[in-house]
Amino acid sequence: MKKWLPWIILLLFAGYLGGQLRPGKQTEWNWEAFGKLPIMSNGRFQPIDSLARNSLLQLRDKSSGLNSADPSIRDRKREYPAAQWIAEMIFAPDLADTRPVLRIDNLQLKQTLGLPVEPDETKKQDGKHYTYDQVRPQLALLQEQSEQAAGVKAELRNPYQAAVLNLWQNVQLYWKLQNIVQPRVEDLLTVLKKSPPM
């Protein structure tokens, strides 16, 4: 028995370690780990989560994604991680186009683009966050308005012109993020056909 005791203990210990090393069942995607992956943007490497948070801050003034613009849902329930949002932008752009991430506060700009102005619970609109799909039909008009606004000196621009330029820059950022891994240029081509660069 003394001869076999060390081998029995070794086998029990090895079995225990083998059981502990086996990966557990994962039920949800680990967005925190995904957000730590490096990505090249603006000429430097940065964590995906940093790129996502900074982009969302520019697009909607908050660093988390928004599932719905429904004002009847509490903010915490309709927000989701920035890393998840950028994963949708890169890998599921059609789904990302339905997320309300473009914030527009200027009333005249909303009216010009034909967007809902007031919060409406029946249409699940909060009156300030819009999806790319809502803005897409008016891209040519938006580009035309931004070209006119860009022709005005910065100190002479009215709030409408500043809002137009801000939204146009946000749309360009949106395009850049969707094309960061794989080109998706159909909207860009439409705009370029209407007004080619000089």
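Structure shown above.
Residues numbered from 1 in each chain as written. Predicted model: local features only at pLDDT ≥ 70, side-chain atom pairs only at ≥ 80, totals over all residues. Heavy atoms only, no water.

*Asks:* Give me the pairing of strand E1 (residues 38–41): which residues, what numbers.
*Replies:* Along any regular strand the residues' side chains alternate between the sheet's two faces. Covered by surrounding structure in E1 are Ile39 and Ser41 only, the residues Pro38 and Met40 on the alternate face being uncovered. With 4 bridges joining them, E1 and strand E2 (residues 44–47) adopt antiparallel strand pairing. Bridged to Pro38 within E2 is Pro47. Between E1 and E2, which pair antiparallel in sequence order, lie 2 residues; one of them, Asn42, sits at a positive phi of approximately 55 degrees. (Buried < 20%, exposed > 50% of the residue type's maximum accessible area, 1.4 Å probe, protein only. Helix = DSSP H or I, 4+ residues; strand = E, 2+ residues; numbered from the N terminus. Pairing = 2+ DSSP bridges.)

*Asks:* Give a description of the side chain of Gln46 that names residues and reports values.
*Replies:* Tracing the backbone through its elements, the reader meets Gln46 in strand E2. A polar contact of 3.4 Å, which involves the side chain of Gln46, links it to the side chain of Arg44. Setting aside its immediate chain neighbours within four residues, Gln46 contacts Leu37, Pro38, Ile39, Ser41, Leu51 and Asn54. (Polar contact = N/O pair within 3.5 Å; in protein donor to acceptor, adjacent residues only side chain to side chain. Contact = heavy atoms within 4.5 Å.)

*Asks:* Talk me through the pattern of salt bridges; I want residue IDs and the actual numbers.
*Replies:* The tally for this structure, following the rule as stated, stands at 7 salt bridges. Among the ionic pairs, Arg103 bridges to Asp61, the shortest N-O distance being 3.8 Å. Here the residue Arg103 occupies a position in strand E5 (residues 100–103), and Asp61 occupies one in the loop between helix H3 (48–60) and strand E3 (65–66), the gap between them amounting to 42 residues. Taking relative accessible area as the criterion, Asp61 reaches 49% and is therefore assigned partly exposed. Across the pair Arg99 and Glu88 runs a salt bridge, and its minimum N-O distance is 2.8 Å. (Salt bridge = Lys/Arg side-chain N within 4 Å of Asp/Glu carboxyl O.)

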